[in-house]
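# Report on the structure
One-letter residues, chain by chain:
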Amino acid sequence: MKASRTRFRRAALSIALGACMSTMTPMVMAQSATGSVAGRASAGDQVQVTNVDTGATRNVTASADGTYRLGSLQVGNYNVQVIRDGQAVGEPVPVAVSLGGTTTVNLGSGGGVANMAAVTVVGERVVNRVDVKSTETATNVTREEISRLPVDQSLSSVAMLAPGVIGGNSSFGGMSFGGSSVAENSVFINGLNVTDFYRRQSFSTAPFAFFREFQVKTGGYSVEFGRSTGGVINAVSRSGGNEFESGMELTFEPSAWQSSGDDHFYADGSVNVRASHDRSSFTKANVWASGPIVRDRLFMFAMYEQRESNAGFTNAGGSSWSEREGSNGFWGTKVDWALSDNHLLELLAFSDEGDSDTALYNYNFASRTVGTAPPSQSTSSSGGKSGSLTYTGHFGENFTAKAMYGLNRSSSFLRSPQDALCSWVTYNNASYGAVYRGMGSPQLGCHPGSNVVSHEDEREAKRLDFEWAVGDHLLRFGWDHELMTTDRVTFYPGDGVQYTAYGRTSPTQVLDNGTPLPVGVNAFLMARERADGGVFDIEASAYYLEDVWSVTPNLLVNLGVRVDTFDNKNATGASFIKMDDLVSPRFGFSWDMKGDGTTKLFGNLGRYYMPVTSIISYNFAGGLLDERTFYALNGWNAATNPVTGAPYMAPIIGPQIGAVDDQFNLSVRDTRQSVDRDIDAVYQDEAIVGFQTMISQAWSWGVNATYRRMPNAMDDIRINALCGVRHPMSAVPGSSSIDLWPIANPGDTLTLWGTTRQGCAQDGWVTIDTSKEGYITGGSNRVIGYSKPKRTYTGVEFQIDRAWDDKWAFNASYLWSKSEGNHEGPVNSDTNYGDTGMVQHWDHPANNDRYGDLFNDRRHQIKLRGSYRFNEMWSVGGTLTALSGGPITAFGVTWPDENFAVASYTSEGSGGGTGWLCVASCTGPWQDRVYERTERGAFGRMPWTYNLGANVTWELPVEGIDLKARLSVYNLLNDQEVINVRGRYEGNPGQRRSTFGTGTRWQSPRYAQLVVSWNF
């Protein structure tokens, strides 16, 4: 009977949580690459945890009230044993410690699990359905769950399993967490920050098979984490143990398993984007090994992966064909040295360096014929070597110290044999595409088309973290420092000028330099000269203090504060933008409502600061040459590529039209006029409240609500009337003034150095309120200011989860959310402008005088995932993501009561835009124009998008042989709905662009992936 009860108990437990480690359960505030075990035991008993893989052992004595905690544990499997009077009591309890989480195990007097109803088992290891020690909202995903689901092999794909995480503007990639822009997130690998700090839109990475577990923090993260107003991806690599293990994995994505992309056309039948001939293939193979170098003390995990990629694709018009090839190897290793059970050294090192070669040919789309002439060639390089050394020491039972030193390097180089001899020539598809295709779609210019870029970034990271348990309080405090260096030079090839051909869009077209396009000129060139460069440092440091207070056995309160300092330096090493004493208070609570660990109410309130990217220093503290000159285009001449001998067409440059437009030049000038003296950092306030409960050991459900508020912004802002009068006229006809473009907080007070030349009474500091002044309109001469920046996000998330029991698992979430305001954040997805922190939001007061639905507003988000095992050989999995479409917003080029262009007449992506659209008398005097105001989202929404994935896995049913094959299909329904549209409504005032509302990006076509793994 006793054996029967034991089997019943084990069976109940194994209706388990394999997926619980990946549910939307909030996770605890542990150090970034570790987890914890905590709970209650008999007062005075010792609780011992032993790492199953390495044999490392830790002990702690249960306090007078019976509580115990063991923190800073490596992620993995442990045995928990009660020891009384030097003797083991009962059987060891197997426990899984997850990344950033606390596994709560209450131990009875007999050494067994006392809170049986609140725990379950992954395999044979105890985990919690409800983490009552946590106030965060986060998602944990293990390698085991990923192996059962059709999830593409990237950190981004894992992150987008979490509610509220969606893909951002696909023109520049990235992810949006909770309504934030793609430039507000942070990514950590084993505690090392690997986030790109130049634009903050990418990160260093490693192969999928290199990682053990992933954690996606979507809100409420503790004071240990900062420099993010979006979300955090926290990943930990695999480690070695006492058993020798090895394996290999092959991944195939052949082009034959991919559907063709759709071709897209404008309403008049002309080509928008051709994609039906594009194809790509990808293959990679990795081998890995792990085991002890010295048993119980020194362990290693090592991996090498070779990647082969091949892609062929046309340009938007289908007139050129690019062949791109990459052959790159990744290497990575993790070494763990247990100096003793209480002292550990960890070494992480990896390289994600890679190159790709591109050959550009002429192409006949109708006949699918690639030109026979030698191609133009280019090579791009990216990635770098990164690593960290971490020491963890446990001093006694109650004090832990952790120190880390790390380097994160990345680079970007773009080179072509034609760089020195050939200029970059292209065309504007919307206005000149029809003419170009009428020419037979020839190669324009002899350069493949790109900047010459040399870019290297290096982050030197140092941090100290401490934990000290004192009675009912767990005191956590620490310091971290990052020195980030950008070394970048970029310029156009050939004569340093990029030539773009445009066609006339209206009879009264005016160019961006204020000059009307002359009568009879139906095509023109914009010649843009742009060059910059320098070495720039950023120092970011912070210290934090947090008290995790167990007020009662069932109520936990977090009281924390983080203080940040950001110091961006110019090319000479002097401070350019420095902000210190940035105080971030954080408060959270978790209430174990029934006292048994099955139900909790939690909440979190905190402030989060965003650092200044190095692209700001690069552009504003090093000088920038950025000039546009317009010429009549008098046709094309046949020419020969001096490198390849291939034919191409060169533009016949006619007379210059108007003066040089130099308003975008930035000299290395007195920073007193380039940065607000009293600038404030960008921050976001966040409030979360949630509830979670177990229905049974298999099922749980929860709900939480999030509110985020970003009340300020930092960007370059146009100031043309610092002292209330217009700055001196520039040499450009039609230009209103010589403008200042300082980095400032629009809508707030601004302090700059003013001069008599700018209309000030005397040279000296001038403070103005930019919500009321700073800009003087052209023509009407009104002094006005900028709208107060505002961004809010409100979301309510529901989820239900069925845990993996070695048979099936299911998770479903629905999120209703609303993202609104008058600026997206430090990027501008509306106009595809991704230079973080200088994105045209504040180029003119008209750009942001309307509040409403923002680009990343996806009102409804549904995410489902599940897996089912038929038998020892076959299993299946599936995912579904359904998102409502984003808003379609119109952007005009002028606004009432001003004779000045709010946005570019020529380029859809330049200058931002206004919600005021001219509807009458638009070609006459500016005073007579009649306008209609449109709000954000006034032109409807893009369609819903559905992404269904499915996989089938085969396992060799032979004991002792771990051989698997998994076939996954992504976007099974092959939906190719539009996900980005053109927002520029007008060309000239009253002249609606025929391209408004047409697509620029669509869902990727269906493709399949086969993964074969053999572990031995």
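Above this text is the structure in question.
Residues numbered from 1 in each chain as written. Predicted model: local features only at pLDDT ≥ 70, side-chain atom pairs only at ≥ 80, totals over all residues. Heavy atoms only, no water.

### A word on the pattern of salt bridges
For clarity, the threshold we go by: Basic side-chain nitrogens of Lys or Arg form a salt bridge, by our definition, when they fall within 4 Å of a carboxyl oxygen of Asp or Glu. A run of H or I in DSSP counts as a helix once it spans at least four residues, and a run of E counts as a strand once it spans at least two, with each numbered from the N terminus. Under the scheme applied here, a residue whose accessible area is under 20% of the maximum for its type counts as buried, over 50% as exposed, and between as partly exposed, the area being computed with a 1.4 Å probe on protein chains only.
In total, this model carries 46 salt bridges according to the counting rule given. Here Glu458 ties to Arg409 by a salt bridge, and the two come within 2.8 Å at their closest N and O atoms. Here Arg409 lies in strand β28 (residues 399–415) and Glu458 lies in strand β30 (residues 452–470), a separation of 49 residues in the sequence. Residue classification places Glu458 among the partly exposed residues on the basis of a relative accessible area of 30%. The partner of Arg708 in a salt bridge is Glu686, and the shortest N-O contact between them spans 2.8 Å. You can see Arg708 sitting in strand β40 (residues 699–710) and its partner Glu686 sitting in strand β39 (residues 682–694), a full 22 residues away along the chain. When sorted by exposure, Arg708 lands in the same class as Glu686, which is buried. Among the charged side chains, a salt-bridge network with shared partners connects Arg227, Arg459, Asp480, Glu482, Arg562 and Asp564.

### Some thoughts on the sheet that holds strand β7 (residues 102–104)
Rule in force here: By this definition, two strands are paired if DSSP reports at least two bridges between them. To obtain each axis, a line is fitted to C-alpha atoms, and for helices this fit is confined to the stretch in contact; angles are then taken between N-to-C directions over 0 to 180 degrees.
Reading across from one edge, β4-β1-β7 is the order of the three strands in this open sheet, with mixed pairing throughout. Here the strands that pair on one side only, and so sit at the sheet edges, are β4 (67–74) and β7. Neighbour-to-neighbour, the strand axes of the sheet open up by a mean angle of 20°, direction not taken into account. Summarising the sheet, strand β1 (residues 34–40) and β4 pair through six bridges and their orientation is antiparallel.

### Some details on the sheet that holds strand β16 (residues 232–237)
Strand order in the open sheet made by the five strands is β10-β15-β16-β13-β14, with mixed pairing throughout. Of all the strands in the sheet, the pair left with one neighbour each is β10 (137–142) and β14 (192–193). Sheet topology places strand β13 (residues 186–189) next to β14; two bridges connect them, and they run antiparallel. The partner of Phe188 across the bridge, within β14, is Asn193.

### A short note on the state of the cysteines
This is how the line gets drawn: Here, two cysteine sulfur atoms that lie within 2.5 Å of each other are counted as a disulfide.
One pass over the full model with this rule turns up three disulfides. At a sulfur-sulfur separation of 2.0 Å, the disulfide partner of Cys422 is Cys446. Taking the sign of the S-S torsion, -115° for the link of Cys422 and Cys446, the bridge is left-handed. With Cys422 in the loop between β28 and β29 (424–427) and Cys446 in the loop between α4 (429–438) and β30, the pair connects residues that are 24 residues apart, well separated along the chain. Each member of the pair, Cys422 as well as Cys446, is classed as buried. A sulfur-sulfur distance of 1.9 Å marks the disulfide that ties Cys723 to Cys760. When the S-S torsion is 80°, as for the bridge of Cys723 with Cys760, the disulfide is right-handed. Of this pair, Cys723 sits in the loop between β41 (715–716) and β42 (743–744) while Cys760 sits in the loop between β43 (749–754) and β44 (764–769), and the two are 37 residues apart along the sequence.

### Points about unusual backbone geometry
Of note in this structure, Arg227 is not a glycine but carries a positive phi near 55°. Given a relative accessible area of 5%, Arg227 falls into the buried group.

### Quick look at the environment of Phe491
How we decide: Any pair of residues with heavy atoms lying within 4.5 Å of one another is described as a contacting pair.
Its place among the elements puts Phe491 in strand β31 (residues 473–491). Look at Phe491 and you get partly exposed, because its relative accessible area is 36%. Separated by 41 residues in the primary sequence, Phe491 and Asp532 place their C-alpha atoms 6.7 Å from one another. When sequence neighbours within four positions are dropped, the list of residues in contact with Phe491 reads Asn451, Val452, Arg530 and Ala531.

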